[in-house]
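Residue strings, one per chain:
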Amino acid sequence: MQGNWRILFSHMCSSSFLLLWIFVGLDVVEVAGSQQGIPLSVVKLWASAFGGEIKSISAKYSGSQLLQKELWAITAPRPGTNSSSETSTSVKGTSRIKGSAACPGVWEEGGSPRGNPRKHGESIQTAFRKRLQAPNLGPPCPEKYKELEKSVRVEEIDGLKLVKNLAVKMEEVFRRKAEATRRLVEAAEEAHHQHEENPDLQYEYFNAVLINEVDEEGNNVELGGEFLLEPNDHFNNLSVNLSLSVVQVPTNMYNKDPDIVNGVYWSEALNKVFVDNFERDPTLIWQYFGSAKGFFRQYPGVKWHPDEHGVIGFDCRNRKWYIQAATSPKDVVILVDVSGSMKGLRLTIARQTVSSILDTLGDDDFFNIIAYNQEIHYVEPCLNGTLVRADRANKDHFREHLDKLFAKGIGLLGEALSEAFTILSDFNQTGRGSLCSQAIMLVTDGATEMYDDVFEKYNWPERKVRIFPYLIGRESAFADNLKWMACANKGYFSQISTLADVQENVMRYLHVMSRPKVIDHEHDTVWTEAYVDSALSQAYKLKDKSGPSLMTTVAMPVFSTKNETKNQGILLGVVGTDIPLQELMKLIPKHMLGIHGYVFAITNNGYILTHPDLRPLYQQGQKRRKPNYSSVDLSEVEWEDKDDILRNAMVNRRTGTFSMEVKKTVDRGRRVLKMHNDYYYTDIKGTPFSVGVALSRGHGKYFFRGNVSVEAGLRDLEQPDVALADEWTYCNTEEEHEHRHLTQIQAIKLFMTGRRPHLKCDRELIQEVLFDAVVTAPLEAYWTGLALNKSENSDKGVEIAFLGTRTGLSRTNLFVPADQLSNQDFLTAEDKEGVFNADHFPLWYKRAAEQVPGTFVYSIPFSTALENKSVVLASTAIQLLDDRKSPIVAAVGIQMKLEFFQRKFWTACRQCTALDGKCSISCDNEDINCYLIDNNGFILVTEEQSQTGLFFGEVEGAVMNKLLQMGSFKRITLYDYQALCKEYAGSSDSARTLSDPFSVVKWLLTELVIFLLEFNLYSWWNVDLSVKAQRSRGKTMMVPCDTEYPAFVSERTIKETTGNIDCDGCFRSFVIQQIPSSNLFMVVVDNKCDCSSAPPVTMDPIEIMYNESLKCDRLKFQKDRKKPESCHPFHPEENAMECGSATRLSSRLTAALLPLIAATVSR
């Protein structure tokens, strides 16, 4: 009886306190809110009612309280033990999960597994149906929960040890790929050594374009033949031949040229090595040999497909891996003659020649371009007297200036040569540049003298600067002078008569620059920056929705080892193999990095090799590469490091640590998380790369280990609602062909039961996965019980419950049939941000971790809002211990219908404090607008459905501005140095000129002349010419730019705010009230005043405009870089008399192209 009185007294006290709180609230509103007219107490009541209701639903269906109790049960200390969670302490205890009270509704099939494991993402629905149909369900709890003693140890992560171990693993991957490449080099040189050149050799080979092609009579075409192709998932499901390679010949070359036939013949010896390499290392992908003659041998064999013009413009000698392996780093000055004699076609050819030279320069090279007539004109006046790095942005910048060149006056070559020599000498003495090879490229239509006085003054006797003259035009009057310059300065002379001659003649200088390396017989291993090979992607017709993947290439040069050609330094070509960066990502111990931690790597030039914030592609109908995607500097991503401390330390291959406050964007850049990151970095031996690890302070620096029996763990891991992170590596199933068919769960079981001891698995990670499987197992039964209870979720407002753990394990439960899901992409491979990826945790996991423990974060996924899939996600983090340093071990959540969520909100808003039931205000009134927004200002609930998902400032600009002034929200400025901005390149007059018939005829004739001049179809495959054509047609283009944009975050300490807005003398009031246990805010705004004149607050990015002076400073500024260790500028045994001759199209190729020209003209 006394107990009942105590309960009654307790309820009376609680009720009295509630009434007192309400009356006090009314008094406060009477004073503070009388002017506004919106009672704060009413809004608080609405917020409290909705918060309580929605948290109850979220907690109930997610099972968050059950899981949290599970963890606290197993980590609770025994009587007399220390409960501290300090680093490396061990906390033991017997689980309190006993009997049906602790795990209601836990069902187990009679001694048999409860179903097959669910495949990642796509088979949630199937798994759920299997579980509901499973027989022999019984109520008792598994015995493992009654007596199993679990040991948990919390550890602080040693970031330096972590990054060093990772560097060793990456080094091993790179070493294996380099060894495979070296075996190709040895085989190629031996095969060439044994081969005798035969100009009459006839040899049928498998041409990559012609294989499996038939003529009109059904017979195989020449160089085609039947070539067996089978789909292979290791090669993006392309149909390949794992026994043979294929040969690709550029469109502008003759398939049966004797040089090509001989090269193809002796390089057939590589087939055996290709196959052997792949058997030794099944993780290898494409292996290839790029010949100095132009053909490209590739393994495994695959059919190549021409573009829409019937052309394949791929030339292996233009690839960065070829150029870097063939030559040493170089400083280059390009001299362009713009005297009056260069008018017309000659200037056009000269521009294309310079552009082709730029194509051969890489990130380790430096250059400048000088135009000369009677005066010297720097193409970029800002860069007078200096050189710049030959990255993509700088080369494109100079190409734009090339279009502005025009010919007039006379040419004073002597002064131009003196200027070029002076630049090279001065720049070299500053310690900048390549500090290796140097060259002057001379593009002119003639030289009246030899200028030996200039060479004697600047270049003799050492001849450190090579001269490469390109004689433009058909006239040969001045050929002897130019050729003498080349021969006297260890260069090479070429004559270019038409656009068709440009490519082949420009490439010749590379062979000359490679001579010292060949004579030294130094097989330098080179590594490229991250890139996507567009030509190969086009040839393979990749259909991957995510777009082509980034890779790096390891390459080595192949030399002639014949004694009679030793001093000629003949480069045979370059061999290489690609390494997808995804393979490196598989090495990352993601479970040790925490929720926000990540791994990144950079090159010796500071360019990003891999980083979760690197965005190489953009969407425009299909995924396309950004122009400068391969030269994004680390400082452009980790931009808070204003002094480049982290970048420069990594570029200089140091080992160390760094720390700074950062702002990390999530949810497609719309939200921002502020955190403190600790960085750990070191170099990767044998490569030009450095690797770093970023760990966020707080829960991100701590990790815990738990132990369960293997038998118990495997039993719970094999349940149909369980999946493992698709891109994480628990067991390496790629290294052995026999393991490739295994799923990760199958591989784990074989490894842990000892049936496949040779599998390479991460035992530590697997042990933690098994622990997570056991601890989260009760949720399966709990969710199933809710799903089978007909009285629960009758309106089917809650659709999915989900869980993810720190080890990449996930569990999912459907509360509605799969075909009735509002968003069927959630938790599938289509939802990139919603699942565990190689470089990030799910978005709902990340955001939950930054919420106050025990509260839920709610949001409308942006990816679905745009497609009108109306859902709300709610998630909360589960901590191991009730401590700030405790690791976040899991996150749970639900997906509910937006309509269901909004209905709960409007129902809560109908409550009021009036004793007579007559509410002073209501969201149904036209006088007020009610909104529900999240902590980043995005609208979840509003009366206008079209405003759902929008930023609040776009709808209520005046109110948002006031909230910013009052400190309820903060504006955070962010920067995007990988942005693309629209640029309209063209004139409005272009359309009107064609309305005149005479203009039409003139335009057609002009186009025909240009086509005839470019009869080799060069413009069809040359990027620069296609870009010019696009510009000339007045297209809107996406160009690289820097942007600044805002993000908004609520101030956590401010729970409620009232305010007034002066709208031209009319005062508009509003109230903002935080929703308890959430990231949400209710905003109630009166409608008595028209504030439409107030500008909206938007999140639109603004392009950062640089004035000319700042642009110049940015061009001149040279960031720290680490020069390649290898350098071969010249060799005393080099035969300098191999210095070129006038060359034109071969008669055979001309004959081959004439029918094509005639057919095109006739159209």
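As the structure is a computational prediction, the values presented were derived from the model and not from experiment.

Participant: Help me understand the overall build of the protein, please; the structure alone is not making it clear to me.
Facilitator: Counting its secondary structure elements, the protein contains 34 helices and 43 strands. Counting only residues that meet the buried cut, the protein has 56% of its 1163 residues in that class. A fraction of 74% describes how many contacts in the protein between residues 6 or more apart in sequence connect residues 24 or more apart. For the protein, the exposed surface amounts to about 50,100 Å²; the carbon and sulfur share of it is 50%.

Participant: What am I meant to see in the sheet that holds strand β33 (residues 871-879) here?
Facilitator: Strand-to-strand pairing in sheets goes through backbone hydrogen bonds, with the strands running parallel or antiparallel. Spatial ordering of the open sheet is given by β27-β31-β30-β34-β33-β32, a layout of six strands whose pairing is antiparallel. Lying at the two open borders of the sheet, with one neighbouring strand each, are β27 (722-724) and β32 (857-859). Strand-to-strand, the axes of this sheet are offset by a mean angle of 20 degrees, without reference to chain direction. Against the sheet, helix α2 (residues 40-62) contacts β30 (798-805), β32, β33 and β34 (888-897), and its axis sits at roughly 115 degrees relative to β34.

Participant: Where do I start with the sheet that holds strand β3 (residues 230-232) in this structure?
Facilitator: On the basis of which strands lie adjacent, the open sheet formed by three strands has the order β3-β4-β8 and antiparallel pairing. With partners counted over all chains shown, the strands left at the sheet margins are β3 and β8 (301-302), one partner each. Alignment of strand β4 (residues 238-241) against β8, held across two bridges, turns out to be antiparallel. Bridging from a neighbouring strand, V240 pairs with V302 of β8.

Participant: How do you make sense of the packing of helix α22 (residues 744-752) against helix α23 (residues 763-788) when you look at a structure like this?
Facilitator: Geometry of a packed helix pair, given as the angle between the helix axes and the separation of the axes. One way to put it is that α22 packs onto α23 with a least axis distance of 12 Å and a crossing angle of 105 degrees. In terms of orientation, α22 lies roughly perpendicular with respect to α23. Along the contact surface, α22 presents I748, F751 and M752, while α23 presents R763, I766, Q767 and L770. Of the residues belonging to the contact of α22 with α23, the class tally is five nonpolar, one polar and one charged.

Participant: Before we go on, may I ask you to explain the pattern of salt bridges in this structure?
Facilitator: Two side chains bearing opposite charge may form a pair once their charged atoms approach each other closely. Under the defined criterion, the tally for this structure stands at 54 salt bridges. The closest approach of N and O atoms between D644 and K1119, which form a salt bridge, is 2.7 Å. Here D644, found in the loop between β22 (622-625) and α20 (645-651), pairs with K1119, found in the loop between α33 (1108-1116) and β43 (1140-1141); they are 475 residues apart in sequence, far enough to count as distant. Between E734 and R740 there is a salt bridge, with its nearest N and O atoms 3.7 Å apart. Residue E734 is classed as partly exposed on the basis of its relative accessible area of 23%. Overlapping salt bridges bring together E172, R175, R176, K177, E179, D281, E583, E735 and K760 as one network.

Participant: Help me understand the packing of α2 against helix α26 (residues 898-908), please; the structure alone is not making it clear to me.
Facilitator: Where α2 meets α26, the axes come as close as 8 Å, and the angle between the chain directions of the two elements is 145 degrees. Relative to α26, the crossing made by α2 is right-handed. Taken together, the residues of α26 that come into contact with α2 (itself represented by W46, A49, F50, E53, I54 and I57) are F900, F901, K904, F905 and A908. Residue composition of the contact of α2 with α26, grouped by class: nine nonpolar, no polar and two charged.

Participant: Could you clarify how one ought to interpret the environment of T876 in this entry?
Facilitator: Mapped onto the secondary structure, T876 falls in strand β33. Along the chain, T876 and S64 lie 812 residues apart, while their C-alpha atoms are 7.4 Å from each other. Contact partners of T876, with chain neighbours within four places excluded, come to S64, A848, G854, T855, F856, A890, A891 and V892. There is a polar contact of 2.8 Å between the side chain of T876 and the backbone oxygen of T855.

Participant: What am I meant to see in the state of the cysteines here?
Facilitator: Disulfides are covalent bonds that link the sulfur atoms of two cysteine residues. Per the stated rule, a full pass over the model turns up eight disulfides. Note that C487 is cross-linked by a disulfide to C1139, the S-S spacing being 1.8 Å. Negative torsions about the S-S bond denote left-handed disulfides, and the value of about 75 degrees found for C487 with C1139 makes this one right-handed. With C487 in helix α15 (residues 479-488) and C1139 in the loop between α33 and β43, the pair connects residues that are 652 residues apart, well separated along the chain. Per residue, the accessibility class of C487 equals that of C1139, and both read buried.

Participant: Help me understand the side chain of T610, please; the structure alone is not making it clear to me.
Facilitator: Tracing the sequence through the fold places T610 in strand β20 (residues 608-610). Taking relative accessible area as the criterion, T610 reaches 10% and is therefore assigned buried. Sequence-distant contacts of T610, defined by excluding residues within four places in its chain, comprise L581, M585, V599, F600 and A601.

Participant: Explanation requested: the pairing of strand β7 (residues 296-299) in the structure shown.
Facilitator: Along any regular strand the residues' side chains alternate between the sheet's two faces. Where burial is concerned, the two faces of β7 agree: the one with F296 and Q298 and the one with R297 and Y299 are both buried. Relative to β7, strand β5 (residues 246-248) runs antiparallel, the two being bridged by three bridges. In the strand pairing of β7, V247 is matched with R297. Between strand β6 (residues 287-291) and β7, which pair antiparallel and follow one another directly, the connecting turn spans four residues, one of which, G294, has a positive phi of 115 degrees.

Participant: Would you mind going over the packing of aromatic side chains with me for this structure?
Facilitator: Going through the model one piece at a time under the given rule, you end up with 52 aromatic pairs. Ring centres of Y975 and Y977 lie 6.2 Å apart, and the angle between their planes is 15 degrees; on these two criteria the pair is classed as stacked. A relative accessible area of 25% means that Y975 is categorised as partly exposed. Three or more aromatic residues joined by ring pairs form one cluster here, namely W728, Y730, F802, F826, F836, F841, W844 and Y845. Stacked on the ring of Y1106, the Lys or Arg R1114 has its end atom at 4.1 Å from the ring centre.

Participant: Explanation requested: a negative patch on the surface in the structure shown.
Facilitator: Taken together, E196, E197, D259 and E564 make up a surface patch of like negative charges. Position of D259 among the secondary structure elements: in helix α8 (residues 258-267). Accessibility expressed as a relative area gives 40% for D259, which makes it partly exposed.

Participant: How should α23 be read in this particular structure?
Facilitator: In an α-helix there are 3.6 residues to a turn, and that puts residues three or four apart on one side. Taking 1.5 Å of rise per residue, the 26 residues of α23 would be expected to cover 38 Å, and the 37 Å separating its terminal C-alpha atoms lies within 8% of that figure. Of all the bends in α23, the largest measures some 40 degrees and sits at T776, one to four residues before the proline P778. In terms of burial, α23 is a largely internal element, 20 of the 26 residues being buried.

Participant: Please explain the pairing of strand β15 (residues 493-496) as it appears in this structure.
Facilitator: Every second residue of β15 is oriented toward a common face, with F493 and Q495 on one face and S494 and I496 on the other, all of them buried. Relative to β15, strand β14 (residues 465-472) is paired through three bridges, and the arrangement is parallel. Among the inter-strand pairings, I472 is bridged to a residue of β15, identified as I496. In this view, the connection linking β14 to its parallel neighbour β15 by way of α15 has right-handed handedness.

Participant: Looking at this structure, I do not really get the nonpolar core. What am I missing?
Facilitator: In summary, soluble globular proteins display a tendency toward joint burial of nonpolar side chains. In terms of nonpolar packing, the biggest core is built from 110 residues, with W321 and Y679 touching the most fellow members. Here the element with the most residues in this core is helix α7 (residues 159-194); it accounts for 14 residues. Within the second largest apolar cluster, 106 residues are counted, among which are I57, A712, V774 and L873.

Participant: Please clarify how the side chain of H1131 should be interpreted in this entry.
Facilitator: The topology assignment puts H1131 in the loop between α33 and β43. By relative accessible area, which is 10% here, H1131 ends up buried. At 3.1 Å, the side chain of H1131 forms a polar contact with the side chain of D520.

Participant: How should I be thinking about unusual backbone geometry in this particular structure?
Facilitator: It is generally the case that most residues other than glycine have a negative phi and that most peptide bonds are trans. Residue P300 is bonded to the preceding Y299 through a cis peptide linkage, with omega at -5 degrees. Position of P300 relative to the elements: it lies in the loop between β7 and β8. Between W460 and the following residue, P461, the backbone shows a cis peptide bond with an omega angle of 5 degrees. Positionally, P461 belongs in the loop between α14 (452-458) and β14. The backbone phi angle of K490 is positive, close to 55 degrees, even though this residue is not glycine. With respect to the helices and strands, K490 occurs in the loop between α15 and β15. In this structure K490 comes out as buried when scored by relative accessible area, which is 9%.

Definitions and cut-offs
- Residues numbered from 1 in each chain as written.
- Predicted model: local features only at pLDDT ≥ 70, side-chain atom pairs only at ≥ 80, totals over all residues.
- Heavy atoms only, no water.
- Helix = DSSP H or I, 4+ residues; strand = E, 2+ residues; numbered from the N terminus.
- Buried < 20%, exposed > 50% of the residue type's maximum accessible area, 1.4 Å probe, protein only.
- Contact = heavy atoms within 4.5 Å.
- Areas by Shrake-Rupley, 256 points an atom, 1.4 Å probe, with all protein chains shown as cover.
- Pairing = 2+ DSSP bridges.
- Axes fitted to C-alpha atoms, helices over the stretch in contact; angles between N-to-C directions.
- Parallel < 35°, antiparallel > 145°, perpendicular 65-115°, else oblique.
- Nonpolar A, V, L, I, M, F, W, Y, C, P; charged D, E, K, R; others polar.
- Salt bridge = Lys/Arg side-chain N within 4 Å of Asp/Glu carboxyl O.
- Left-handed = near helix turned anticlockwise from the far one by under 90°.
- Polar contact = N/O pair within 3.5 Å; in protein donor to acceptor, adjacent residues only side chain to side chain.
- Disulfide = S-S within 2.5 Å.
- Phe/Tyr/Trp six-rings, centres within 6.5 Å; stacked < 30°, edge-to-face > 60°.
- Lys NZ or Arg CZ within 6 Å of the ring centre and 35° of its normal.
- Patch = residues over 30% accessible without salt bridge, like charges linked within 9 Å, V, L, I, M, F, W, Y side chains within 5 Å.
- Lys, Arg positive; Asp, Glu negative; His and termini not counted.
- Charge placed at Lys NZ, Arg CZ, Asp CG, Glu CD.
- Expected span 1.5 Å × (residues − 1).
- Bend = angle between axes of the 7 residues up to and from the residue.
- Right-handed = clockwise from strand over helix to strand, strands pointing away.
- Core = buried A, V, L, I, M, F, W, Y, C linked by side-chain atoms within 4.5 Å.

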